[in-house]
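# Structural overview for review
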Amino acid sequence: MRPQITVKGIVLSSSMVGDYDKRVVILTKERGKITAFARGVRRPKSMLMAVCQPLNYGQFVIYESYDAYTLISGQIEEYFMDVKEDLDKVCYGSYFCEVIDYLTVEGNCDKDVINLLYISFKALVKHTQSYELIRRIFEFKILALDGEAIHCFSCVKCNDGKELVGFNSIAGGMVCEKCFRELMGSIRISQSSIYTIQYIISSPIEKLYTFNVSEEVLNELKMIGNRYFPMHVDKKFKSLEILDTLS
């Protein structure tokens, strides 16, 4: 057996394997995304059942075999019970986990990604912003961290720094007045919405959930997100399907 390793991270998902074991996907700071197997988790008196719950944040003791990790124990620092006990919050939290699980590869993860997930959970707990705004901030930022940021600081077509007036999903960003007239499918949006997206893309993680927007701006962020995000994340997420049935 190889030496045990202690990692810090967030449980993205867990699923049953056989009668007693669980397969756990953990986003860690030290080793990126890993898959670990929790043996005997459903046996009486197993201490791993509570450790393996999705959304848990803490330290996990694992060891690496030739083809997989095995979860030995864990010390949870944040259970995020306020999120888990509210249906809307748990759906959004699960959605964030699903997106990150889809976008990250095994053994690789930028530390900003795990920090984004953690403070997004915190934003759901505080609920000083609407869930819709939290979702859009998360979506724009995770795409930026994944190298797919909206082109928003100059015109996506002519790259001119003139005043931006609209958004074109096919071109992938903001457009100036001249290009707005030339590009089919462009939609005119407010300067406040453009500034908000610029702020999300450029701000450090810890500053993301510190503002609110008007209903008009939120509707525009939603419209832009609904057009842009699916072009870069081609997957249906179960948590969003549940949210759609609740709305």
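Residues numbered from 1 in each chain as written. Predicted model: local features only at pLDDT ≥ 70, side-chain atom pairs only at ≥ 80, totals over all residues. Heavy atoms only, no water.

## With respect to the sheet that holds strand β3 (residues 32–38)
Stated formally: Strand pairing is assigned whenever DSSP detects at least two bridges linking the two strands. What counts as a helix is a DSSP run of H or I of at least four residues, what counts as a strand is a run of E of at least two, and both are numbered from the N terminus. Between N-to-C directions, angles span 0 to 180 degrees; the directions come from axes that are lines fitted to C-alpha atoms, helices contributing only their stretch in contact. Contacts between residues were defined by any pair of non-hydrogen atoms, one from each residue, lying within 4.5 Å.
As summarised here, the arrangement of the five strands in space is β1-β2-β3-β5-β4, forming a closed barrel in which the pairing is mixed. Pairwise comparison of adjacent strand axes, ignoring direction, gives a mean angle of 50° for this sheet. In terms of strand pairing, strand β4 (residues 57–64) meets strand β5 (residues 69–78) through eight bridges, oriented antiparallel. By the bridge assignment, F60 is partnered in β5 with G74. Running over the sheet, helix α3 (residues 87–103) touches β1 (4–17), β2 (21–28) and β3 and is turned about 105° from β1. Most of the contacts of helix α4 (residues 111–126) go to β1, to which it runs at about 65°, and overall it touches β1, β2, β4 and β5.

## What about the nonpolar core?
Heads up, the condition is: For this analysis, a nonpolar core means a set of buried residues of the types Ala, Val, Leu, Ile, Met, Phe, Trp, Tyr and Cys, connected via side-chain atoms within 4.5 Å. Residue burial is assigned from relative accessible area. The probe radius is 1.4 Å, only protein chains are included, and a residue is buried under 20% of its type maximum, exposed over 50%, and partly exposed in between.
Of all hydrophobic cores here, the largest spans 63 residues; its most connected members are F96, L117, I142, I150, M174 and I197. In this view, I197 contacts F140, I150, C152, M174, L221 and I224; residues no more than four positions away in its chain are not counted. Listed in part, the 17 residues of the second largest apolar core include I26, V41, F60 and L71.

## Quick notes on the pattern of salt bridges
Stated precisely, the cut-off is as follows: For this document, the term salt bridge refers to a Lys or Arg side-chain nitrogen within 4 Å of an Asp or Glu carboxyl oxygen.
In the structure shown here, the tally under the stated rule is 13 salt bridges. Note that K157 is salt-bridged to E182, the shortest N-O span being 3.3 Å. Taken together, the positions of K157 in the loop between α5 (131–145) and β6 (164–168) and E182 in helix α6 (residues 177–182) put the pair 25 residues apart, joining distant regions of the chain. Given a relative accessible area of 42%, E182 falls into the partly exposed group. Note that R181 is salt-bridged to E177, the shortest N-O span being 3.5 Å. Note that R181 and E177 are positioned in helix α6 at a spacing of four residues, about one turn of the helix.

## A word on the environment of H127
Its place among the elements puts H127 in the loop between α4 and α5. A relative accessible area of 39% means that H127 is categorised as partly exposed. Each C-alpha atom, one on H127 and one on D82, is 11 Å from the other, the two residues being 45 residues apart in sequence.

## Describing a nonpolar patch on the surface
To keep it simple, the criterion reads: Like charges are joined within 9 Å and nonpolar side chains (Val, Leu, Ile, Met, Phe, Trp, Tyr) within 5 Å, but only among residues with over 30% relative accessible area and no salt bridge; these make up the patches. For every accessible area listed, the method is Shrake-Rupley and the probe measures 1.4 Å; residues are considered covered only by the protein chains on display.
Side chains of L87, I242 and L246 sit close together on the surface and give an oily, nonpolar patch of about 260 Å² of accessible area. Mapped onto the fold, I242 is located in helix α9 (residues 238–246).

## Concerning helix α7 (residues 191–202)
Basically, it comes down to this: To estimate how far a helix should reach, multiply one less than its number of residues by 1.5 Å.
Between the first and last C-alpha of α7 there are 16 Å, a value that for 12 residues agrees with the 16 Å anticipated at 1.5 Å per step. Where α7 is concerned, the buried positions are S193, I194, T196, I197, Q198, I200 and I201. Against the buried residues of α7 lie α5, β6, β7 (173–176) and α8 (215–232).

## Focus on the sheet that holds strand β8 (residues 187–188)
Across the sheet, which stays open at both edges, the three strands sit in the order β7-β6-β8 with antiparallel pairing between neighbours. Looking at which strands have only one partner, the edges of the open sheet turn out to be β7 and β8. With two bridges joining them, β6 and β8 adopt antiparallel strand pairing. Paired with F167 across the strands is I187, a residue of β8. Taken strand by strand, α7 contacts β6 and β7, and its axis lies near 70° from that of β6.

## Some words on the confidence of the model for the protein chain
To be explicit about the condition: Per residue, pLDDT captures the predictor's confidence, and it can take any value from 0 to 100.
For the protein chain, the mean per-residue pLDDT works out to 93, and 99% of the residues sit at or above 70. Averaged pLDDT values over the elements of the protein chain bottom out at 85 in α9 and peak at 98 in α7.

## Notes on α9
Put simply, the test is: The directions considered for the arc are those from the helix axis to the C-beta atoms.
Burial in α9 covers these residues: S239, L240 and L243. End-on view of α9: buried residues confined to an arc of 95°, all on one side of the axis. Exposed and oriented more than 90 degrees from the buried face of α9 are K238, D244 and T245. In this structure, the buried residues of α9 make contact with α3 and α5.

## What to know about the packing of α5 against α7
Put simply, the rule is: The labels follow the angle: roughly parallel below 35 degrees, roughly antiparallel above 145, roughly perpendicular from 65 to 115, and oblique for the rest. Two helices crossing with the near one rotated counterclockwise from the far one by less than a right angle form a left-handed crossing, whereas a clockwise rotation gives a right-handed crossing.
Where α5 contacts α7, the axes come no closer than 9 Å and their chain directions differ by 50°. It follows from the interaxial angle that α5 and α7 lie oblique. Remark: the crossing between α5 and α7 carries right-handed chirality. Each of I137, F140, K141 and A144 in α5 lies in contact with α7, whose residues at this interface are I197, I200, I201 and S202.

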